[in-house]
Amino acid sequence: MTNPAPTLSGVLGGPLGRHAGPGGRWRSPGLWAYLTLTLSWLIVMVRQVPCNSGHQDNQFLPWMCYSDIPVLYYWRGLKDGQIPFLQSDLEYPVLTGAFMELSRRFVLMLGGESRPGLSDAEVTHATQLFFGVTALLLFVLFGVLIWAQLRMHRPWDALMIAASPAIWTAGLINWDALVLALTALALLAWSRQKPLWTGVWLGLGVAAKLYPVLLLVPLTVLCVRANRWRPLVLAYVGTALSWVAVNLPVYLATPQGWLNFWTFNADRGGDLGSLWYALNLLDIEIGSVSRLVAALMVVGTIVICALLLLAPRRPRLAQGAFLIVALFVIVNKVYSPQYVLWLLPLLVLARPRWLDWVVFTIAETAYFAAIWGHLAGQMTNGAGQDRLYVLSILVRIGVQLWLCARVVRDMYDPRRDIVRAGGLDDPDGGVLDGAPDVAWVTRLTRGLPAT
């Protein structure tokens, strides 16, 4: 008997369209992730309107729209046409300075000017162009972050990033979207078993902000545990080559300018948002903060390595990455409000649970509001009010520690790990996915309780 489906489909309106059915575009995680990111970015831009309309006196409160972008354009010589590092000092790594210079060049292409002797109106116009160009470039970089997340094992989790209030509040404070995109590309390259490219993206990430170098710690432990030496070496080689390629020309041209980032961070004491700053507000003096931070980083790193090595089942790379970066921001000498963006993508990869996302969001948003109140002097009218800012710091750190504990629990009881549902190992782990442990690790963990 002839199949009547083609005939009937023609009578009733033709074959099933590409937008219908389970595989239709309207059920694509990419469509909704990009739409959500666009909406989030519109919220960011609307939030910045008061600060870009001359209301600089209210940039902390009530608008909470402060951004380093126009401030550093003015104060780091960009308005006068000075090139970062070569002609003016900058407290950022080389690639971030290059990104700032790229934005300044776009300002010139759009008719703005950056040279000494400009009028106030000309400087204001150029500053607004610089901010607008930078905002557009950062939006593209957030799009790269979403693009990379969509290509991981759980693409729908990209919505947890795109819809995060962390983007609404901190997306335009600084240039952190650059390092987020590079780190996401590194993790994606590793998941696709391209370790050399993993290193290239990591090296570029370290040239933009320091923290991506920490991802080499869990990567090393897990590769040693799985006896995957060649991919590990390739990742290190790629990291070193790309970092040197970006940094060496600047160092040769201006050693002192290149060193400014390192000396600036080495010399600073306990600063805004850190545990050490909170203790100082409580009149608890901590001497040699730099040494204490270094010691805590060493001890914490050893503990994380032990956890990764001794888990009955090899943990996922994303779990180790979240733990090491969380350690860094918890003990660091400063916690700028945009640092929430460092943790957000790693949390989504390590523990994509909406409860964790909500608690994390509440704590970070409360801290975001508190820091501007503190800087505006609205929380310092008495010891009790000043301690509200301290409380926001302690709550934020407490939530970060709680998230770390939940990640560790998943590591030691993989049944709780939603990513491993259905018997998966590490679907974003590249060469680590399904790899057996080396014999000495098996003997080491044999006596531990099985979960």
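Residues numbered from 1 in each chain as written. Predicted model: local features only at pLDDT ≥ 70, side-chain atom pairs only at ≥ 80, totals over all residues. Heavy atoms only, no water.

A. Structural context of the overall build of the protein chain. Looking only at helices and strands, one finds 19 helices and zero strands in the protein chain. Considering the protein chain as a whole, with its 451 residues, one finds that 51% of them fall into the buried category. In the form shown here, the protein chain has an accessible surface area of approximately 20,400 Å², with 66% of it arising from carbon and sulfur atoms. Across the protein chain, the mean location of the 34 positive side-chain charges is 12 Å away from that of the 26 negative side-chain charges. (Helix = DSSP H or I, 4+ residues; strand = E, 2+ residues; numbered from the N terminus. Buried < 20%, exposed > 50% of the residue type's maximum accessible area, 1.4 Å probe, protein only. Areas by Shrake-Rupley, 256 points an atom, 1.4 Å probe, with all protein chains shown as cover. Lys, Arg positive; Asp, Glu negative; His and termini not counted. Charge placed at Lys NZ, Arg CZ, Asp CG, Glu CD.)

B. Layout of the nonpolar core. Ranked by size, the top nonpolar core spans 125 residues in total, and within it Phe142 and Phe322 carry the most contacts. Here this core gets 13 residues from one element, more than from any other, and that element is helix 15 (residues 317-331). Setting aside residues up to four positions removed in sequence, Phe322 forms contacts with Leu343, Leu346, Leu347, Ala350, Leu403, Cys404 and Val407. (Core = buried A, V, L, I, M, F, W, Y, C linked by side-chain atoms within 4.5 Å. Contact = heavy atoms within 4.5 Å.)

C. Summary view of the state of the cysteines. As enumerated under the stated definition, the model contains one disulfide in all. The disulfide partner of Cys51 is Cys65, and the gap between their sulfur atoms is 2.0 Å. With the S-S bond torsion at 80 degrees, the cross-link from Cys51 to Cys65 turns out right-handed. Linking Cys51 in helix 2 (residues 29-52) with Cys65 in the loop between helix 2 and helix 3 (68-75), this pair joins segments that are 14 residues apart in sequence. Considered together, Cys51 and Cys65 belong to a single accessibility category, that of buried residues. Among the cysteines around Cys223, which has no disulfide bond, Cys305 carries the closest sulfur, lying 13 Å off. (Disulfide = S-S within 2.5 Å.)

D. Helix 12 (residues 255-267), seen in detail. With 13 residues, helix 12 should reach 18 Å at 1.5 Å per residue; the first-to-last C-alpha distance of 18 Å fits that figure. Considering bend angle alone, the principal kink of helix 12 is centred on Phe261 and spans about 35 degrees. Looking at helix 12, one finds that the buried residues are Gly257, Trp258, Asn260 and Phe261. Each element contacted by the buried residues of helix 12 is listed here: helix 4 (94-109) and helix 11 (229-253). (Expected span 1.5 Å × (residues − 1). Bend = angle between axes of the 7 residues up to and from the residue.)

E. Just the packing of aromatic side chains, in detail. The tally for this structure, following the rule as stated, stands at 22 aromatic pairs. For the pair Trp41 and Phe142, a centre-to-centre distance of 5.3 Å together with 50 degrees between the ring planes defines the contact as tilted. Residue Trp41 is located in helix 2, and its partner Phe142 is located in helix 5 (residues 120-150); the two are separated by 101 residues in the primary sequence. For the pair shown, Trp41 and Phe142 are each scored as buried. With a centroid separation of 6.2 Å and 70 degrees between ring planes, the pair formed by Trp243 and Trp258 is classed as edge-to-face. Residue Trp243 is located in helix 11, and its partner Trp258 is located in helix 12; the two are separated by 15 residues in the primary sequence. (Phe/Tyr/Trp six-rings, centres within 6.5 Å; stacked < 30°, edge-to-face > 60°.)

F. A look at the environment of Asn265. Secondary-structure assignment places Asn265 in helix 12. A sequence separation of 214 residues divides Asn265 from Cys51, and the C-alpha atoms of the two residues are 28 Å apart. A polar contact of 2.7 Å, which involves the side chain of Asn265, links it to the backbone oxygen of Phe261. (Polar contact = N/O pair within 3.5 Å; in protein donor to acceptor, adjacent residues only side chain to side chain.)

G. Seen up close, the packing of helix 2 against helix 5. For the pair helix 2 and helix 5, interaxial distance at closest approach is 10 Å and the crossing angle is 155 degrees. Between helix 2 and helix 5, the angle falls in the class roughly antiparallel. Seen along the crossing, helix 2 lies across helix 5 with a hand that is right-handed. On helix 5, the residues touching Pro29, Gly30, Ala33, Tyr34, Leu37, Thr38, Trp41, Met45, Gln48 and Asn52 of helix 2 are Gln128, Phe131, Ala135, Leu138, Phe139, Phe142, Gly143, Ile146, Trp147 and Leu150. Split by residue class, the contact of helix 2 with helix 5 holds 14 nonpolar, six polar and no charged. (Axes fitted to C-alpha atoms, helices over the stretch in contact; angles between N-to-C directions. Parallel < 35°, antiparallel > 145°, perpendicular 65-115°, else oblique. Left-handed = near helix turned anticlockwise from the far one by under 90°. Nonpolar A, V, L, I, M, F, W, Y, C, P; charged D, E, K, R; others polar.)

H. Highlighting a nonpolar patch on the surface. A grouping of Leu210, Val213, Val244, Leu248, Tyr251, Leu252, Leu259 and Trp262 is seen on the molecular surface, where their side chains present a nonpolar patch of about 650 Å² in accessible area. Counting residues per element, the ones that place at least two in the nonpolar patch are helix 11 and helix 12. In terms of residue count, the dominant contributor to the nonpolar patch is helix 11 (four residues). Of note, Val213 is situated in the loop between helix 9 (195-206) and helix 10 (216-226). (Patch = residues over 30% accessible without salt bridge, like charges linked within 9 Å, V, L, I, M, F, W, Y side chains within 5 Å. Salt bridge = Lys/Arg side-chain N within 4 Å of Asp/Glu carboxyl O.)

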